[in-house]
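Structure at a glance
Here is what each chain is made of, one letter per residue.
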Protein chains: 2
Amino acid sequence: MTVYVFGHANPDTDTITSAIVMSNFERELGSTDTIACRLGNINKETKYVLDYLKIDEPILIEDIADGSEVILVDHNNPAESIKNLNKCNILKVVDHHRVMLNTSYPLFYRAEILGSTQTVLYKLYKEYGIKINKTIATLMIAGIVSDTLLLKSPTTTEEDIKIIEELSEIAQIDYREFGLEMLNKGTDLSGLSVEELLYVDAKKINFRDVKAITNQINTTQINKVMKMKNDFEEGIDIIIEDEKIDLYLLLITDIIKGNSQVIVKGKRSDLFEKSFNVKLKDNTAFIEGLLSRKKQVTPIMTQNA
Amino acid sequence: MTVYVFGHANPDTDTITSAIVMSNFERELGSTDTIACRLGNINKETKYVLDYLKIDEPILIEDIADGSEVILVDHNNPAESIKNLNKCNILKVVDHHRVMLNTSYPLFYRAEILGSTQTVLYKLYKEYGIKINKTIATLMIAGIVSDTLLLKSPTTTEEDIKIIEELSEIAQIDYREFGLEMLNKGTDLSGLSVEELLYVDAKKINFRDVKAITNQINTTQINKVMKMKNDFEEGIDIIIEDEKIDLYLLLITDIIKGNSQVIVKGKRSDLFEKSFNVKLKDNTAFIEGLLSRKKQVTPIMTQNA
């Protein structure tokens with residue numbers, strides 16, 4: 001029976017590379033029919049990594065049969081997963097997010113408070129004595145760099161730093177140089193429509209009863225991205241209506257300086273103001289030091305909801 | 001800040017010994033203020049184990065302050081945990097049950113499909129290179145024996161068997177002899193009231209929308225226990241009303257032959273009949289080969305609910 005390995009919808013580099021690395025892990029453990037998959041299009045940053053390594057994209061899946069065996073990486077929240085997840089047989093989860101899953105059966109669940117899923121996968125490879133070759137090491141580096149914004153995000157741990165240095169020796173690359181190149185490719189927004197930008201890294205999330213979408217655009221020039229503010233706002237209004245949500249947060253994050261300009265819309269915008277103790281002006285506010293949705297947005301918004 | 005380590009309410013041997021073993025693990029990792037706790041009275045089987053090792057019971061806790069730091073072992077379901085779990089800061093989970101937890105923050109989560117939490121803890125000790133002394137090894141054996149009914153339950157895996165054999169060498173005990181003695185102490189029901197028996201290993205569980213309590217009494221003589229059937233039924237009726245549940249299942253399990261007589265009451269008794277394809281007679285049915293709630297009751301009841 002085929003085992004489908006995939007990360008979250010709106011895949012980022014950690015999700016895509018983790019699906020490939022986990023699928024390889026399963027094959028090393030003896031599985032003969034495990035395939036790496038993805039739930040959406042890859043972004044420019046991820047494309048750069050796969051092109052660099054000359055490896056194929058994971059297979060795009062939109063529907064899988066009820067009862068399929070799946071392995072989740074880099075997520076566990078059914079709202080960010082394949083639609084019929086509750087009808088699938090989840091064999092394993094390898095993740096670094098909060099727990100949002102309920103199952104009716106025990107499973108292998110491995111999560112740690114680390115900067116990326118790849119850091120968890122590195123530890124699994126070590127634990128099971130599975131060799132990390134140059135390609136796997138580079139994929140792991142890419143996941144860590146992407147999720148920690150080159151070790152700058154507050155989600156970065158000492159283990160992430162130690163492990164990315166070890167991986168650089170295996171991969172024989174300078175992770176800083178490779179990482180900066182990779183992140184820069186990710187900030188290239190050319191050719192993306194307003195709608196695509198508004199879904200580029202969008203995640204559906206509930207802050208208790210408040211139904212929200214958060215999205216993050218990485219850039220080195222916040223001002224340039226903010227020139228599209230009016231278009232963003234129009235697009236966000238449509239999304240709020242279509243998705244029936246109470247709140248949409250767009251973080252436009254300067255990955256060099258480590259700050260974010262946030263555009264906030266929806267009838268529960270007050271939750272953002274309360275959580276960050278700011279007053280929105282024209283639906284936006286600049287938040288110094290804001291880099292991480294997981295560490296800096298979700299816990300505080302949930303607490304205040 | 002004190003870190004409280006505890007297993008589920010209505011503690012069994014795996015839960016109590018896992019709290020002690022996990023607390024020791026944390027101290028070995030450098031924590032200076034971690035304490036093993038329990039959420040209820042220990043049973044006779046567990047008492048035998050602690051007396052054998054001449055170690056104290058974990059500390060009984062009923063209330064802890066909001067914001068307390070906790071580590072959960074052998075459970076993750078808030079319904080089986082301390083009342084204000086959602087106001088506590090859960091640092092880690094080490095478990096072998098289905099996932100029932102939702103958090104607003106990432107955490108260390110380690111679960112595997114193994115016969116006992118102790119088997120998972122053994123692997124953690126190995127992974128982190130922490131020495132397993134005679135006492136820890138005996139506690140681990142006790143947890144495995146209790147949860148797998150001396151390796152007879154369908155939840156038993158090859159890893160449980162391999163690991164209990166390794167632990168026996170460290171502990172220098174015959175796990176079969178020790179295990180049988182231990183289980184026999186657990187089947188001694190003398191001195192327990194009907195009400196105590198009806199809560200002896202009770203777990204609150206929802207099979208989708210069906211609110212239920214399942215309970216298991218281990219014995220070597222089903223007929224003898226069934227002499228109390230009328231008293232059980234009266235007690236169950238009171239519990240159903242007090243706890244506002246739709247279903248109460250009492251498994252009276254012959255741990256030698258591996259069968260269960262089940263007493264079923266509540267307005268959703270039909271769910272049991274449908275799930276096991278039996279007709280209840282006088283609110284009871286004999287189910288051949290039924291040993292495990294986790295593997296044989298919960299998944300099938302959830303599926304049919």
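Please refer to the structure higher up on the page.
Here we summarise the structure given alongside this text. (Residues numbered from 1 in each chain as written. Chains lettered and ligands numbered in written order. Predicted model: local features only at pLDDT ≥ 70, side-chain atom pairs only at ≥ 80, totals over all residues. Heavy atoms only, no water.)

Examining the pattern of salt bridges
- Taken as a whole and assessed by the stated rule, the structure comprises 37 salt bridges over all chains.
- Between A:Lys185 and A:Glu181 there is a salt bridge; the shortest N-O distance is 3.7 Å. With A:Lys185 and A:Glu181 both in helix H6 (residues 175-186) and 4 residues apart, the pair spans about one turn of that helix.
- By relative accessible area, A:Lys185 is classed as partly exposed at 36%.
- Among the ionic contacts, a cluster of salt bridges with common partners joins A:Arg110, A:Glu127, B:Glu112, B:Lys123 and B:Glu159. (Salt bridge = Lys/Arg side-chain N within 4 Å of Asp/Glu carboxyl O. Helix = DSSP H or I, 4+ residues; strand = E, 2+ residues; numbered from the N terminus. Buried < 20%, exposed > 50% of the residue type's maximum accessible area, 1.4 Å probe, protein only.)

Focus on the environment of B:Val93
Residues and elements named next belong to chain B.
- Its location among the elements puts Val93 in strand S5 (residues 89-95).
- Look at Val93 and you get buried, because its relative accessible area is 0%.
- In the structure, Val93 is positioned 76 residues away from Glu169 in sequence and 28 Å away in space, judged by C-alpha atoms.
- Beyond its immediate sequence surroundings of up to four residues, Val93 is in contact with Leu72, His75, Asn76, Leu101, Leu107, Phe108, Tyr109 and Arg110. (Contact = heavy atoms within 4.5 Å.)

Digging into unusual backbone geometry
- Its identity is not glycine, yet A:Leu150 carries a phi of approximately 55°, on the positive side.
- In this fold, A:Leu150 is placed in the loop between helix H4 (134-148) and helix H5 (158-171).
- With a phi close to 55°, B:Asn277 is a non-glycine residue in the positive phi region.
- The topology assignment puts B:Asn277 in the loop between helix H10 (269-276) and strand S11 (284-287).

Description of the packing of aromatic side chains
- Considering all chains together, one arrives at 13 aromatic pairs over all chains under this definition.
- Taking 5.4 Å as the distance between ring centres and 45° as the angle between the ring planes, the aromatic pair formed by B:Phe25 and B:Tyr125 counts as tilted. Taken together, the residues B:Phe25 in helix H1 (residues 13-28) and B:Tyr125 in helix H3 (residues 117-127) connect sequence positions 100 residues apart. Assigned by exposure class, B:Phe25 and B:Tyr125 land together as buried.
- A connected cluster of aromatic rings, assembled from ring pairs, spans A:Phe25, A:Tyr125 and A:Tyr128.
- If you follow A:Lys92 out to its NZ or CZ, it ends over the ring of A:Phe108, 5.1 Å from the centre. (Phe/Tyr/Trp six-rings, centres within 6.5 Å; stacked < 30°, edge-to-face > 60°. Lys NZ or Arg CZ within 6 Å of the ring centre and 35° of its normal.)

Describing the sheet that holds strand S9 (residues 247-254) of chain B
Residues and elements named next belong to chain B.
- The strand order across the open sheet formed by 5 strands is S7-S8-S9-S10-S11, and the pairing between neighbours is mixed. In this open sheet, the two strands that pair with only one neighbour each are strand S7 (203-207) and S11. For this sheet, the mean inter-axis angle between neighbouring strands, taken without regard to orientation, is 25°.
- As defined by bridge partners, strand S10 (residues 259-265) adjoins S11 across 4 bridges and the pair is classed as antiparallel. Within S11, the residue paired with Gln261 across the bridge is Phe286.
- On top of the sheet, helix H9 (residues 229-243) reaches S7, strand S8 (210-219), S9, S10 and S11; it is set at about 50° to S10, its chief contact. (Pairing = 2+ DSSP bridges. Axes fitted to C-alpha atoms, helices over the stretch in contact; angles between N-to-C directions.)

Description of the sheet that holds strand S1 (residues 3-6) of chain A
- Here we have 12 strands laid out as an open sheet, ordered S3(A)-S2(A)-S1(A)-S4(A)-S5(A)-S6(A)-S6(B)-S5(B)-S4(B)-S1(B)-S2(B)-S3(B), and mixed in their pairing. The outermost strands of the open sheet, each flanked by one partner alone, are strand S3 (59-60) of chain A together with strand S3 (59-60) of chain B.
- Bridge count between strand S5 (residues 89-95) of chain A and strand S6 (residues 108-111) of chain A: 4 bridges; the pairing is parallel. Within S6(A), the residue paired with A:Val94 across the bridge is A:Arg110.
- Against the sheet, helix H1 (residues 13-28) of chain A makes contact with S1, strand S2 (34-38), strand S4 (69-73) and S5 of chain A, and its axis sits at roughly 175° relative to S2(A), the strand it touches most.
- Here H1(B) sits on the sheet and contacts strand S1 (3-6), strand S2 (34-38), strand S4 (69-73) and S5 of chain B; the angle it forms with S2(B), its principal contact strand, is near 175°.

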